[in-house]
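# Tertiary structure, described
Next come the chains, spelled out residue by residue.
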Amino acid sequence: MPHGLLKMILLAGVAFTMMASQVVAQPAPPVIEYLKIQLMPEYDRREVLVIYNLVLSPETSLPAQMTLRIPSQAVRPHALVRQDVDGLYRLLYNTTLDGAWLLIDFTTPSPEVQLEYYDPNLRRQQERRSFEYRWLGDYEVKSLAVEVQQPLNATHMTFFPDLGAGRQAADGMTYYTALFGEFKPGSQFTLRVEYQKPDDGLSFKPLPVEAVEPITLDTPGRTTLRKVIPYLLGALGVLLVGGLLLWYWQSGREMVQRQRVRLPRPSAKQEDVYCHQCGKRARQGDLYCRTCGSRLILS
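This text gives an overview of the structure that appears in the document. (Residues numbered from 1 in each chain as written. Predicted model: local features only at pLDDT ≥ 70, side-chain atom pairs only at ≥ 80, totals over all residues. Heavy atoms only, no water.)

Let us now look at the layout of surface pockets. Looking at the largest pocket, its volume works out to about 350 Å³. Lining the largest pocket are 16 residues, and of these Asp119, Asn121, Glu132, Tyr133 and Arg134 lie nearest its centre. Counting residues per element, the ones that place at least two in the lining of the largest pocket are β8 (112-119), β10 (128-136) and β15 (188-196). In terms of residue count, β10 provides more of the lining of the largest pocket than any other element does, 5 residues in total. (1 Å grid on protein atoms, 1.4 Å probe; cavity = no way out; pocket = protein on both sides within 12 Å on 5 of 7 lines; lining within 4 Å. Points joined across faces, edges and corners; volume = space filled by probe spheres on them. Helix = DSSP H or I, 4+ residues; strand = E, 2+ residues; numbered from the N terminus.)

Spatially, the 4 strands line up as an open sheet ordered β9-β10-β15-β12, and their pairing is antiparallel. Two strands bound the open sheet, and with one partner strand each, they are β9 (123-125) and β12 (155-160). In this sheet, adjacent strand axes meet at a mean angle of 15 degrees when their direction is disregarded. (Pairing = 2+ DSSP bridges. Axes fitted to C-alpha atoms, helices over the stretch in contact; angles between N-to-C directions.)

Take the packing of aromatic side chains next. Across all of its chains, the model carries 6 aromatic pairs by this definition. Every member of this aromatic cluster is reached through a ring pair, and the members are Tyr52, Tyr117 and Trp135. In this structure, arginine 45 packs its charged tip against the face of tyrosine 118, placed 3.9 Å from the ring centre. (Phe/Tyr/Trp six-rings, centres within 6.5 Å; stacked < 30°, edge-to-face > 60°. Lys NZ or Arg CZ within 6 Å of the ring centre and 35° of its normal.)

What follows covers the pattern of salt bridges. Under the defined criterion, the tally for this structure stands at 16 salt bridges. A salt bridge links arginine 129 to glutamate 42, with the shortest nitrogen-to-oxygen separation between them at 3.2 Å. Linking arginine 129 in strand β10 with glutamate 42 in the loop between β1 (31-41) and β2 (48-56), this pair joins segments that are 87 residues apart in sequence. Between glutamate 147 and arginine 167 there is a salt bridge, with the nearest N and O atoms lying 3.3 Å from each other. Separated by 20 residues along the polypeptide, glutamate 147 in strand β11 (residues 140-149) and arginine 167 in strand β13 (residues 167-168) bring together distant segments of the chain. A relative accessible area of 8% means that glutamate 147 is categorised as buried. Connected via shared salt-bridge partners are Glu42, Arg46, Arg124, Arg129 and Asp200. (Salt bridge = Lys/Arg side-chain N within 4 Å of Asp/Glu carboxyl O. Buried < 20%, exposed > 50% of the residue type's maximum accessible area, 1.4 Å probe, protein only.)

The pairing of strands in a sheet happens through backbone hydrogen bonds and is either parallel or antiparallel. With antiparallel pairing, 3 strands are arranged side by side in an open sheet as β3-β7-β6. Here the strands that pair on one side only, and so sit at the sheet edges, are β3 (64-71) and β6 (93-98). Between one strand and the next, the sheet's axes are offset by a mean angle of 25 degrees, whatever the strand orientation. Across 8 bridges, β3 lies against strand β7 (residues 101-108) in antiparallel orientation. Paired with glutamine 65 across the strands is threonine 107, a residue of β7.

Turning our attention to the pairing of β11. Judged by how many residues are buried, β11 sits mostly within the fold: 7 of 10 residues are covered. Judged from the 7 bridges that link them, β11 and strand β14 (residues 174-183) form a sheet pairing that is antiparallel. Opposite leucine 144, over in β14, you have glycine 181 as the bridge partner.

In structure tokens, the structure reads:
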């Protein structure tokens, strides 16, 4: 075999081995085990609130890198979080504009992810409302569920495809839910919604904080002047007693200081005292003459 041909075969084998190793090293694309799409028109904005709750399949390697699409008119996600055992945590993401779509790129270390955004494509014609929702299947979805909340005061709600009869939940709102099964990558799901609404009120209204019972003078926890006066008088009495004790203690100290024994003043010097008998000069403190023994006359 010619030397040049052998060299070409060896180079081709090395290149093929490198390509194969790269293919093996690339992880498989994520698979969504369960996806629930919630649509809430005119909930807390005059738009459609869209919520994705997805759970990745156990076969998906974590952390998983994913890209989800939202309409470009939405500008950005309202929230992107992951569910962990101890709560929800925000996920960092990057956005890329792709025609009518905004691509949301992120990496999740948890299999449960929630994405929220507001779709402004809600059409209004007097009392008539309509919008169209689309899901582009970039990933395999083993089970897809769709839930639509009926807006407050809305009537004649219709769907295509049909979502069946609505049910009233504990919050007093009516919900329409349907399961659509498995969707392969590249497939598309579309839902058209129409309803009638006579006003522009929103479904969500913050509840005002009100007392369960009317507040009276006897309401527990309420403080009135009548209840405070005894405590004020008690505190004033303690202050008065303390002041009296302090005054008594100070006065006692002054009396003790006044009653202390004063030292006697030194007597007059006796340098000028002389004995009246012999005329001998006496010393200081003498009572009798040192020479003749006569008692000294002290002035």
